Amino acid sequence: MLKDISISTVIAGLMAVLVSYSGPLAIFFQAAQSAGISTEMMTSWIWAISIGAAVTGIVLSVWFRIPVITAWSAPGTVLLVTLFPGLSINEAVSAYITAAVIIFLIGITGLFDRVVHLIPGGVASAMMAGILFDFGLGAFRSLESAPLVTTLMILGLVLFKFVSRAYFLVLMVILGLVLSLTLMDTHLEQLEWQLASPQWIVPDWTWSSTLGLALPLVIVSLTGQFLPGFAILKASGYAFSSRPIISLLSLVSIPTAFFGGITTVIAAITASICTSSDAHADPGKRYMAGVANGVFYLIGGIFAGSIVLFFTSFPSDMIAIIAGLALLGAISNSLSAALNDKEHLDASLITFMATASGVSLWGIGAAFWGVVLGTAVYALRVGLIRYQRAKAGETADRGLSVKSGER
């Protein structure tokens, strides 16, 4: 392993962590603010998701000798924002554990491909888009309170994406820091090195948390994280088995959940940084980028208190802007995938609208109802199409019988 270490793999691992600690972590802070949790609890959350990603990333990368980049579920974190403050932290933890157990069973039994194919692709993508949509709007709602800063951040997004699609999120955070200091009267005197202090959270199982958070979290993790994450690895030429990867990630997610850590998954946003030739010219040595990624996550987890102090120094508007703009790509991809299936467009649109509405029935969130309604419409549409084709077939058979009789 020591022979395979290179500057390029270390930098790739570092940049992947910095990107995760930019956009996706800003989303996590939005969720924490929605729940109204304390700084100590927020530190525990950051510690848990960082340690989960660190352990799994290092172990899996060394085990398979491929760059397995792991992280926390960004869509799942956005889902939290839509449920807080109606959902308690204790209920959220129980949902994390339930989701981890379900994902473990799917992984260990080798049912991943079957389960993913059971979920209509357009419905899953539409649910993802619906979850992210209102969150993305938060960036543009800031136009009312901070028009100049919001406009500059939007222009910066376009410019940074043109310069570097891999590192634009890091550049966005740097720009956000500069604008916060110059135009929003932000001060960083409180920043200091501060170690993490994990807080144990007792889970509280309820049907509303299971149906409203756990089941949607399973769906977005499978379709929005594992599926594209594995696709990136395969596109990079790596051979692997999904069963041990999914199983280990879900097992690690269970203990970290008790400290506030949402499900650990395969990274979809940052994976390409460590699997490309920029990480290393030799594909066989890029696994060290996954190891480096895990090591930097470990450091981030240890100093989670300092990370919390850094992000809490940002004005709430700036956090909303960074988090919302960071999701534009995911929203675009999800909407494109949802609208691509023209034959089942109604199912996708109904799923999207129901999920984006934020409606809650019997304490169960909109994501669940979006999937239920969308899947029902999808099934009805499939049934009607089959009936129509069967009827057309019968008519054709009768026509042939009549012609035969005439002969």
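Residues numbered from 1 in each chain as written. Predicted model: local features only at pLDDT ≥ 70, side-chain atom pairs only at ≥ 80, totals over all residues. Heavy atoms only, no water.

**Observations concerning the overall build of the protein chain**
Where we set the bar: Under the scheme used here, helices are H or I runs from DSSP no shorter than 4 residues and strands are E runs no shorter than 2 residues, and both carry numbers assigned from the N terminus. Restricting the calculation to C-alpha atoms gives the radius of gyration, and the globule rule supplies 2.2 Å times the number of residues raised to the power 0.38. For each residue, the accessible area found with a 1.4 Å probe, counting protein chains only, is set against the maximum for its type, and the residue is called buried under 20%, exposed over 50%, and partly exposed in between. Throughout, a residue-residue contact means that at least one pair of heavy atoms, one from each residue, lies within 4.5 Å. Exposure was quantified through the Shrake-Rupley algorithm and a 1.4 Å probe, taking into account, for residues, occlusion by the shown protein chains and nothing else. Charge counting follows a simple rule: Lys and Arg are positive, Asp and Glu are negative, and His as well as the terminal groups are ignored. Charge placement uses NZ in Lys and CZ in Arg. For Asp and Glu, CG and CD serve respectively.
Each helix and strand in the protein chain was counted, giving 18 helices and two strands. Over its C-alpha trace the protein chain gives a radius of gyration of 23 Å, about what one expects of a compact globule, namely 22 Å for 407 residues. Across the 407 residues of the protein chain, 53% fall into the buried class. If you take every contact in the protein chain between residues at least 6 apart in sequence, the share linking residues at least 24 apart comes to 85%. Carbon and sulfur atoms make up 66% of the accessible area of the protein chain, which totals about 17,900 Å². Side-chain charges in the protein chain split into 18 positive and 19 negative, and the spacing between the mean points of these groups amounts to 17 Å.

**Focus: the nonpolar core**
Buried together is how nonpolar side chains tend to be arranged in soluble globular proteins. The test is simple: Among buried residues, the Ala, Val, Leu, Ile, Met, Phe, Trp, Tyr and Cys ones that are joined through side-chain atoms within 4.5 Å form a nonpolar core.
With 111 residues, the main nonpolar core has Leu25, Trp45, Ile46, Met153, Leu213, Phe226 and Phe230 as its most contacted residues. Excluding residues that lie within four positions of it along the chain, Leu213 makes contacts with Leu79, Leu80, Leu83, Leu87, Ala92, Ala95, Tyr96 and Ser208.

**Side note on unusual backbone geometry**
One non-glycine residue, Arg65, lies in positive phi territory at about 60°. Tracing the chain through its elements places Arg65 in the loop between helix 3 (39–64) and strand 1 (70–72). For Arg65, a relative accessible area of 39% puts it in the partly exposed group.

**Remarks on the confidence of the model for the protein chain**
Heads up, the rule is: The score called pLDDT rates the predictor's confidence residue by residue, from a low of 0 to a high of 100.
Chain-level pLDDT for the protein chain is 82 on average; 92% of the residues reach the 70-or-more range. Here helix 2 (residues 23–35) stands out as the least confident element of the protein chain, with mean pLDDT 73; helix 11 (residues 242–257) is the most confident, with 94.

**Overview of helix 7 (residues 121–145)**
Filter applied, for reference: Under the convention used throughout, the expected extent of a helix is 1.5 Å for every residue step, that is, one less than its residue count. For a residue, the bend is simply the angle between two axes, fitted respectively to the seven-residue segment ending there and the seven-residue segment starting there.
With 25 residues, helix 7 extends 38 Å between its outermost C-alpha atoms, agreeing within 8% with the 36 Å of an ideal straight helix rising 1.5 Å per residue. Along helix 7, the largest kink reaches about 35° and is centred on Phe133.

**Some points on the environment of Arg65**
Note the threshold: Any pair of nitrogen or oxygen atoms within 3.5 Å is treated as a polar contact; in protein, a donor-acceptor pairing is required on top of that, and neighbouring residues in sequence qualify only through side-chain atoms on both sides.
Remark: the alpha-carbon pair of Arg65 and Arg286, spanning 221 residues in sequence, is separated by 8.2 Å. One polar contact links the side chain of Arg65 to the main-chain carbonyl oxygen of Val62, over a distance of 2.6 Å.

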